[in-house]
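The lines below spell out each chain.
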Amino acid sequence: MSENKNEQPQAVQTEQELNELLQIRRDKLAKLQEAGKDPFAITTCPRDHYAQEIRDQFETLENQDVCIAGRVMSWRDMGKASFLDIHDKTGRMQVYVKIDEVGEETYKEMKACWDLGDIISVSGFVFKTRRGEISVHAKEIKLLSKSLLPLPEKFHGLKDTDLRYRQRYVDLIVNPEVKDTFVRRSQIVTEIRNFLNEKGFLEVETPVLHTIAGGASARPFITHHNTLDMDMYLRIALELYLKRLIVGGFDKVYELGRCFRNEGMDTRHNPEFTMLELYQAYTDYNGMMDITEELIRTVAQRVLGTTVITYGDVEIDLGKPFARISMVDAVKKYAGVDFDAIATDEEAKAVAKEHHIQYEERHKKGDILNLFFDEYCEEKLIQPTFLMNHPVEISPLAKKMPGNPAYTERFELFIVGREHANAFSELNDPIDQRQRFEAQAALKAAGDEEACDVDEDFLTALEYGMPPTGGLGIGVDRLVMLLTDAASIRDVLLFPTMKSLPNDK
């Protein structure tokens, strides 16, 4: 164990020192292999217990033989005996290794050729030390896998966030609390499915490769299919195929899947992300508000055991009825501008200039209303709030409001100043839909890379008739961020997108 006593934190090791450590570990592996004890030749391990099971069932397991396996994370050498801490998926277990019990040859091999980070198995009996710590007294130990790279220094762990995201496997090893986040993410996704299945929704899968970019306003990733000799797009949304299924007679469908958007990256955005989209026939955006509120409340209660959560330093009550406010009323409340009193696009642009709101010449009154919301209102919506009735200019797939066609039956759910859901009373008029697609296509031709194309097949589906339908999209990653108190989307993605380093192959 001479290497372990002398290892320094990676951050302060010179390249020469690190290379020496790497060579030492490889020399130890070669020595084991020459002795016919290659750890990589081992294919199985008769593990029958985990660390947490032993702690939970100590009274039953005391003095009983068990077999555990895990990674060596610390080592206290006392000459003819050693204490090792090994970690498995459930946590830490202390192991007492005595030369008289495991044999002199094995013990010498352990001290000469094993290192922190190695994966081992331990067979022995459960006991409690004089200090009261539940441990395993080893009768037999075996090296299962050799770690050829030293772990980050145990007291400081892996703190470089960029390196943590790039090498998530190391992050999971040295920062056990990170594992808890991803266990919780899995539970959240499971409970979303359980909730929707209980409501009679059918889970389906739709294409990831699209011939037309549509279903949302976003810049797509473009790829090429060699056999068909045609460009295709990674989907930016799940919407248009799911609504085809509503046309086909499925009343309630949902999909949990990856979407891809070729746009900026920040604490809330990753180029690939997980979306939940669901569609229900014979309801509208009010029905979608009800199901959104119930879903989030139910998932929080089932996963966290409470509907009152803390995000950062803010307490969020998911148990209370969610607030509801129109976009016009929100802008009136927080910006002091009444868009109901603004009649033309020119008036809207004049008001924008007065408030130093940057806009483009192509923007209309509805676009500028949305810019005001982004500037003055979004960050104010801390407690769960449904923002309703968006302008038609920014809602090409939503039904117009009866009696007020400048606005649509659409809502977004905001919590802690972030959008978590987006929903419509779905547009099922194929003539109106064609006009809106053509307006989007004109924007795209004018240089708007986020505008969508005319989807002729989807229009054909609508012409066969789609019942009144409510549709909902929830960003799963942001919901996980909320329920795990994560500051960045990268903290809830096992392998977030990262820029390649110069030495990446």
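Refer to the structure above for everything that follows.
One structure accompanies this document, and this report is about it. Being a predicted model, the structure only gives us computed values, none of them experimental.

1. Things to note about the sheet that holds strand β10 (residues 252-260)
Across the sheet, 8 strands lie side by side as β6-β10-β11-β20-β19-β18-β15-β14; this open sheet has mixed pairing. Edge positions in the open sheet fall to β6 (202-203) and β14 (323-326), since each of these has one partner strand only. Seen against the sheet, helix α10 (residues 239-247) touches β10, β11 (272-281), β19 (418-425) and β20 (469-475) and runs at an angle of roughly 25° to β11.

2. Focus: the pairing of strand β8 (residues 222-225)
Bridge analysis of β8 against strand β9 (residues 230-234) gives 4 bridges, and the strand direction is antiparallel. Bridge pairing in β9 places Thr223 opposite Met232. In this structure, the hairpin formed by β8 and β9 is closed by a connection of 4 residues, where Asp229 is found at a positive phi of approximately 50°.

3. Remarks on the packing of aromatic side chains
Inspection of every chain in the model, using the stated rule, returns 9 aromatic pairs. Aromatic side chains Phe83 and Tyr96 sit 5.0 Å apart centroid to centroid with 40° between the ring planes, which places their arrangement in the tilted category. Taken together, the residues span a long stretch of sequence, with Phe83 in strand β2 (residues 81-88) and Tyr96 in strand β3 (residues 91-98) at a distance of 13 residues. Taken as a pair, Phe83 and Tyr96 share a single burial class, namely buried. Ring geometry for Phe386 and Phe411: centres 4.9 Å apart, planes at 75°, overall edge-to-face. Here the residue Phe386 occupies a position in strand β15 (residues 385-388), and Phe411 occupies one in strand β18 (residues 410-415), the gap between them amounting to 25 residues.

4. What to know about the packing of helix α2 (residues 15-34) against helix α6 (residues 104-113)
The description of two helices packed together rests on the angle between their axes and the distance between the axes. The geometry of α2 relative to α6 is characterised by a closest axis approach of 10 Å and an angle of 150° between their N-to-C directions. Taken together, the axes of α2 and α6 lie roughly antiparallel to each other. Between α2 and α6, the residues in contact are Lys28, Lys31 and Leu32 and Glu109, Ala112 and Cys113, respectively. Looking at side-chain class alone, the contact of α2 with α6 contains 3 nonpolar, no polar and 3 charged residues.

5. Focus: the nonpolar core
In terms of nonpolar packing, the biggest core is built from 44 residues, with Ile192, Leu196, Leu276, Leu295, Leu318, Phe411 and Leu472 touching the most fellow members. The biggest single contributor to this core is helix α11 (residues 285-304), with 9 residues. Contact partners of Leu295, with chain neighbours within four places excluded, come to Ile192, Phe195, Leu196, Leu276 and Ile474. One finds Ala51, Val66, Leu84 and Val102 within the second-largest nonpolar core, a separate group that totals 29 residues.

6. As for a nonpolar patch on the surface
Taken together, Tyr169, Leu494 and Phe495 make up a surface patch of nonpolar side chains, about 340 Å² in accessible area. By the element assignment, Leu494 lies in the segment after α17 (476-484).

Cut-offs applied
- Residues numbered from 1 in each chain as written.
- Predicted model: local features only at pLDDT ≥ 70, side-chain atom pairs only at ≥ 80, totals over all residues.
- Heavy atoms only, no water.
- Pairing = 2+ DSSP bridges.
- Helix = DSSP H or I, 4+ residues; strand = E, 2+ residues; numbered from the N terminus.
- Contact = heavy atoms within 4.5 Å.
- Axes fitted to C-alpha atoms, helices over the stretch in contact; angles between N-to-C directions.
- Phe/Tyr/Trp six-rings, centres within 6.5 Å; stacked < 30°, edge-to-face > 60°.
- Buried < 20%, exposed > 50% of the residue type's maximum accessible area, 1.4 Å probe, protein only.
- Parallel < 35°, antiparallel > 145°, perpendicular 65-115°, else oblique.
- Nonpolar A, V, L, I, M, F, W, Y, C, P; charged D, E, K, R; others polar.
- Core = buried A, V, L, I, M, F, W, Y, C linked by side-chain atoms within 4.5 Å.
- Patch = residues over 30% accessible without salt bridge, like charges linked within 9 Å, V, L, I, M, F, W, Y side chains within 5 Å.
- Areas by Shrake-Rupley, 256 points an atom, 1.4 Å probe, with all protein chains shown as cover.
- Salt bridge = Lys/Arg side-chain N within 4 Å of Asp/Glu carboxyl O.

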